[in-house]
Amino acid sequence: MRMFEAENVHSFYGGAHVLQGVELHVPEGTLVALLGRNGVGKTSFIRSVAGMAPPVVRAGSVRYRGQELLGKPSYQIASLGIGLVPQGRHIFRSLTVVENLIMAARGSRSGDQPAGAPWNLNRVWAVFPRLAERQRNRGSDLSGGEQQMLAIARALMTNPSLLLMDEPSEGLAPVIVQQLRDQMLMLKEDGLSMLLVEQQLGLALAVADDVYILDKGTVVYHGSPGELRSSPDIMHRYLGV
Ligand SMILES: Nc1ncnc2c1ncn2[C@@H]1O[C@H](COP(=O)(O)OP(=O)(O)O)[C@@H](O)[C@H]1O
Ligand SMILES: [Mg+2]
């Protein structure tokens, strides 16, 4: 049984057919990157599988450990063990780092057995030392990089088995992106499965086991990072690099 498998997903914003039969799967314990230019439907895919409307999913199947996710509300999908780091962070700006993390932990009711040790504040501090230093600061006082790490840590506090991340590197300085890369590799080492939406090809190729490229709402490429690296024509055509 595949851990996470999307088949023939069709999604719409009103009459706009934004996802046109997307197919993608995440084998257990791997990090899969979903790449593509702006506006090709990456966020729409994440929202579709996480049970967030819009867009409206009109056809297809998304299975997690054999269970159909389409049609389930987002809280139920989260409680199955799927964590989400949405594009644009969305932490609570008026709450402190600790408060943001504790709120997420309260909300967790993970039904399945998560990978690795359970998440608590001490484990978050070990993976994100900067958050430990900033634990009494409010979200609004954090830098962009710190906010992104808090957004990831908050999702981890729900003890997910699969983590969906939508452009976590957006707007971050290169040195922070490097930290993020190391943290993702650490999480993978720990057995966490991840689906990473990225614009930064370098980051994606450094952490992913498998790469998909989306263009105009369909998957136009699937291969290993090594295969993609040796396909400059593909990278040029679909990623503009
Ligand atoms: N709420 C919305 N209503 C209508 N169209 C939308 C909405 N959100 C995104 N779109 C459109 O859907 C397409 C895919 O967007 P999106 O999934 O955000 O792309 P990506 O994340 O790859 O940049 C774009 O053409 C975008 O303009
Ligand atoms: Mg997006």
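Here, every reference points to the structure presented above.
Position labels on residues start from 1 in each chain and follow its written sequence. Each chain takes a letter, starting from A, and each ligand takes a number, starting from 1, following the order in which they are written. Restriction of local features to residues with pLDDT of at least 70 applies here, the model being predicted, together with a cutoff of 80 or more for giving and counting side-chain atom pairs; totals for whole chains, interfaces and linings are based on all residues. Hydrogen atoms and water are omitted, and side-chain values are computed over all heavy atoms in the structure.

Close to ligand 1 lie Tyr-13, Val-18, Arg-37, Asn-38, Gly-39, Val-40, Gly-41, Lys-42, Thr-43 and Ser-44. Any pair of N or O atoms that falls within 3.5 Å is considered a polar contact. Within protein, one atom must be able to donate a hydrogen and the other to accept it, and sequence-neighbouring residues count only if both atoms are side-chain atoms. In the model, an oxygen atom of ligand 1 is placed 3.1 Å from a nitrogen or oxygen of the Gly-41 main chain. One nitrogen or oxygen atom from the main chain of Thr-43 is found 2.9 Å from an oxygen atom belonging to ligand 1. Only the protein chains shown count as cover for residues, and the accessible areas themselves come from Shrake-Rupley with a 1.4 Å probe. Against a free-state accessible area of 570 Å², the protein chains account for coverage of 57% of ligand 1. For this scheme, ten residues count as nonpolar: Ala, Val, Leu, Ile, Met, Phe, Trp, Tyr, Cys and Pro. Four count as charged, namely Asp, Glu, Lys and Arg, and the remainder, Gly too, count as polar. Residue composition of the shell around ligand 1, grouped by class: three nonpolar, five polar and two charged. Each residue is tested against the molecule or strand, and it is near if at least one of its non-hydrogen atoms lies within 4 Å.

Let's shift gears to the sheet that holds strand E1 (residues 4-13). Two strands qualify as a pair provided DSSP detects at least 2 bridges between them. Secondary structure follows DSSP: runs of H or I at least 4 residues long count as helices, runs of E at least 2 residues long count as strands, and numbering of each begins at the N terminus. What the four strands build is an open sheet, ordered E2-E1-E4-E5; its pairing is antiparallel. Two strands lie at the open edges of the sheet, namely strand E2 (16-26) and strand E5 (67-68), each paired on one side alone. Relative to E2, E1 runs antiparallel, the two being bridged by eight bridges. Paired with Val-9 across the two strands is Val-22, which belongs to E2.

Next up on the list: the coordination of the magnesium ion (ligand 2). Water is absent from the atoms considered, so a metal site may look incomplete; donors are defined as N, O and S atoms within 2.8 Å of the metal, or 3.2 Å for Na, K and Ca. Taken together, the protein ligands of the magnesium ion (ligand 2) are Thr-43 (OG1) and Gln-87 (OE1), with distances of 2.0 to 2.4 Å. Placement of Thr-43 in helix H1 (residues 42-49) and of Gln-87 in the loop between strand E6 (82-85) and helix H3 (97-106) is noted, with a sequence separation of 44 residues between them. Buried, partly exposed and exposed residues are distinguished by accessible area as a fraction of the type maximum, computed with a 1.4 Å probe on protein chains only: under 20%, between the cut-offs, and over 50%, respectively. Among the residues examined, Gln-87 registers a relative accessible area of 25% and is labelled partly exposed.

Turning our eyes to something else, we now look at the sheet that holds E6. Across the sheet, six strands lie side by side as E6-E7-E8-E3-E9-E10; this open sheet has mixed pairing. Of all the strands in the sheet, just E6 and strand E10 (218-223) have a single pairing partner and so form its edges. Going across the sheet, the axis of each strand differs from the next one's by a mean of 20 degrees, ignoring polarity. Judged from the four bridges that link them, strand E3 (residues 31-35) and strand E9 (residues 210-215) form a sheet pairing that is parallel. Bridge assignment links Ala-33 to a residue of E9, and that residue is Val-211. Each of E3, E6, strand E7 (162-166), strand E8 (193-198) and E9 is contacted by H1, which is oriented at about 145 degrees to E8, the strand it contacts most. Contacts are residue-level and defined by heavy atoms, with any inter-residue pair within 4.5 Å sufficient. With axes taken as lines fitted to C-alpha atoms, and helix axes fitted only over the stretch in contact, angles between N-to-C directions fall between 0 and 180 degrees. On top of the sheet, helix H7 (residues 174-189) reaches E3, E7 and E8; it is set at about 155 degrees to E8, its chief contact.

Any two side chains of opposite charge can pair, given that their charged atoms come close. Only one rule defines a salt bridge in this text: a Lys or Arg side-chain nitrogen within 4 Å of an Asp or Glu carboxyl oxygen. Counted under the stated rule, the structure contains 10 salt bridges. One salt bridge in this structure joins Arg-63 and Glu-7, with 3.4 Å as the shortest N-O distance. Of this pair, Arg-63 sits in strand E4 (residues 56-64) while Glu-7 sits in strand E1; the two residues are 56 residues apart in sequence, bridging distant segments of the chain. Its relative accessible area of 24% is what places Arg-63 among the partly exposed residues. Classification of Glu-7 by relative accessible area gives partly exposed; the value is 30%.

Turning our attention to the nonpolar core. For our purposes a nonpolar core is just a set of buried Ala, Val, Leu, Ile, Met, Phe, Trp, Tyr and Cys residues, chained together by side-chain atoms within 4.5 Å. Core analysis: the biggest nonpolar cluster contains 48 residues, and Leu-35, Val-124, Phe-128, Leu-131, Leu-163 and Leu-228 have the highest contact counts within it. With residues near it in sequence (within four places) discarded, Leu-35 still touches Lys-42, Glu-198, Leu-201, Ala-204, Val-211, Tyr-212, Ile-213, Leu-214, Leu-228 and Leu-239.

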